[in-house]
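Read off the chains here:
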Amino acid sequence: QVQLVESGGGLVQAGGSLRLSCAASGRTFSYEHMGWFRQAPGKEREFVAVISWDGIIYYTDSAKGRFTISRDKAKNTLLLQMNSLKPEDTAVYYCAAGSPGSRWPPTTDRNYEYWGQGTQVTVSS
């Protein structure tokens, strides 16, 4: 059974940092892209960042310069370092593993086959 489990969320003040982790089990994703999405209260889930199987990275504009996505294939883990956090970053953050054959950049839900349950990030002003 494939599972993606996020961790690292929490409450932080504006300007602070958090590091999210996503541990994959049940299979490896060595040749698939993996990404992060988030969903704020009352809003649709939105794309944050993605990393391809060979290390190509793409960010949504609001994440550029503040967030860093990375992956450790040996540990089957996806990471998201978030710095200079803002109250508008408050959301549930989801890890996702991609569907083969997706066009680049894969920024929509349908480009992902597996999803985690999410971790809450709250940024206070």
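Above this text sits the structure in question.
Fair warning: this is a prediction, and the values are worked out from it, not measured in the lab.

**Topic: the pairing of strand β8 (residues 77–82)**
Thought 1: Most of β8 sits out of view: five of its six residues are buried.
Thought 2: Of the strand pairs in this sheet, strand β3 (residues 18–25) and β8 are connected by six bridges, and their pairing is antiparallel. Note on β8: the bridge partner recorded for Leu18 is Met82.
Thought 3: Bridge count for strand β7 (residues 67–72) against β8 is six bridges, and the pairing is antiparallel.

**A word on the nonpolar core**
Thought 1: In this structure, Trp36, Phe67, Leu80, Met82 and Tyr93 are the most contacted members of the largest nonpolar core, which totals 27 residues.
Thought 2: Sorting the residues of this core by element identifies β3, β4 (34–39), β5 (46–51), β7, β8, β9 (91–98) and β11 (119–124) as the ones contributing at least two each.
Thought 3: Ignoring any residue separated from it by four or fewer positions in sequence, one finds Leu80 in contact with Leu18, Arg19, Leu20, Trp36, Val48, Ala49, Phe67, Thr68, Ile69 and Tyr93.
Thought 4: Residues Phe37, Val50, Ala96 and Tyr112 belong to the second largest nonpolar core, which totals five residues.

**Brief notes about unusual backbone geometry**
Leave glycine aside and you will find that most residues have negative phi; peptide bonds, for their part, are mostly trans.
Thought 1: Looking along the chain, the bond that leaves Trp104 and enters Pro105 is cis, with omega of -5°.
Thought 2: With respect to the element layout, Pro105 can be found in the loop between β9 and β10 (112–115).
Thought 3: The phi torsion at Asn76 lies on the positive side, around 55°, for a residue other than glycine.
Thought 4: Here Asn76 lies in the loop between β7 and β8.
Thought 5: Positive phi outside glycine occurs at Ser84, with the angle close to 50°.
Thought 6: On the secondary structure map, Ser84 appears in the loop between β8 and β9.
Thought 7: On the accessibility criterion, Ser84 (40% relative accessible area) is partly exposed.

**So, empty space enclosed by the protein**
Thought 1: Taken as a whole and judged by the stated rule, the model has one cavity of 30 Å³ or more.
Thought 2: Of the voids in this model, the largest cavity is the one considered here, and its volume is about 50 Å³.
Thought 3: Lining the largest cavity, in full, are Phe29, Ser30, Met34, Arg71, Asp72, Lys73, Asn76 and Thr77.
Thought 4: Residue composition of the lining of the largest cavity, grouped by class: two nonpolar, three polar and three charged.

**Things to note about the state of the cysteines**
Thought 1: Overall, the coordinates contain one disulfide when judged by the stated rule.
Thought 2: Two residues, Cys22 and Cys95, share a disulfide whose sulfurs are 2.0 Å apart. Between Cys22 and Cys95 the disulfide shows an S-S torsion of about -65°. By sign, it is left-handed. Here Cys22, found in strand β3, pairs with Cys95, found in strand β9; they are 73 residues apart in sequence, far enough to count as distant. With respect to class, Cys22 is no different from Cys95; both count as buried.

**Let's talk about the sheet that holds β8**
Thought 1: A sheet is described by the order of its strands in space; here four strands give the open sequence β1-β3-β8-β7, paired in antiparallel fashion. A strand with exactly one partner marks an edge of an open sheet, and here the two such strands are β1 (3–7) and β7. Across the sheet, the axes of successive neighbouring strands diverge by a mean angle of 15°, strand direction being ignored.

Definitions and cut-offs
- Residues numbered from 1 in each chain as written.
- Predicted model: local features only at pLDDT ≥ 70, side-chain atom pairs only at ≥ 80, totals over all residues.
- Heavy atoms only, no water.
- Buried < 20%, exposed > 50% of the residue type's maximum accessible area, 1.4 Å probe, protein only.
- Helix = DSSP H or I, 4+ residues; strand = E, 2+ residues; numbered from the N terminus.
- Pairing = 2+ DSSP bridges.
- Core = buried A, V, L, I, M, F, W, Y, C linked by side-chain atoms within 4.5 Å.
- Contact = heavy atoms within 4.5 Å.
- 1 Å grid on protein atoms, 1.4 Å probe; cavity = no way out; pocket = protein on both sides within 12 Å on 5 of 7 lines; lining within 4 Å.
- Points joined across faces, edges and corners; volume = space filled by probe spheres on them.
- Nonpolar A, V, L, I, M, F, W, Y, C, P; charged D, E, K, R; others polar.
- Disulfide = S-S within 2.5 Å.
- Axes fitted to C-alpha atoms, helices over the stretch in contact; angles between N-to-C directions.

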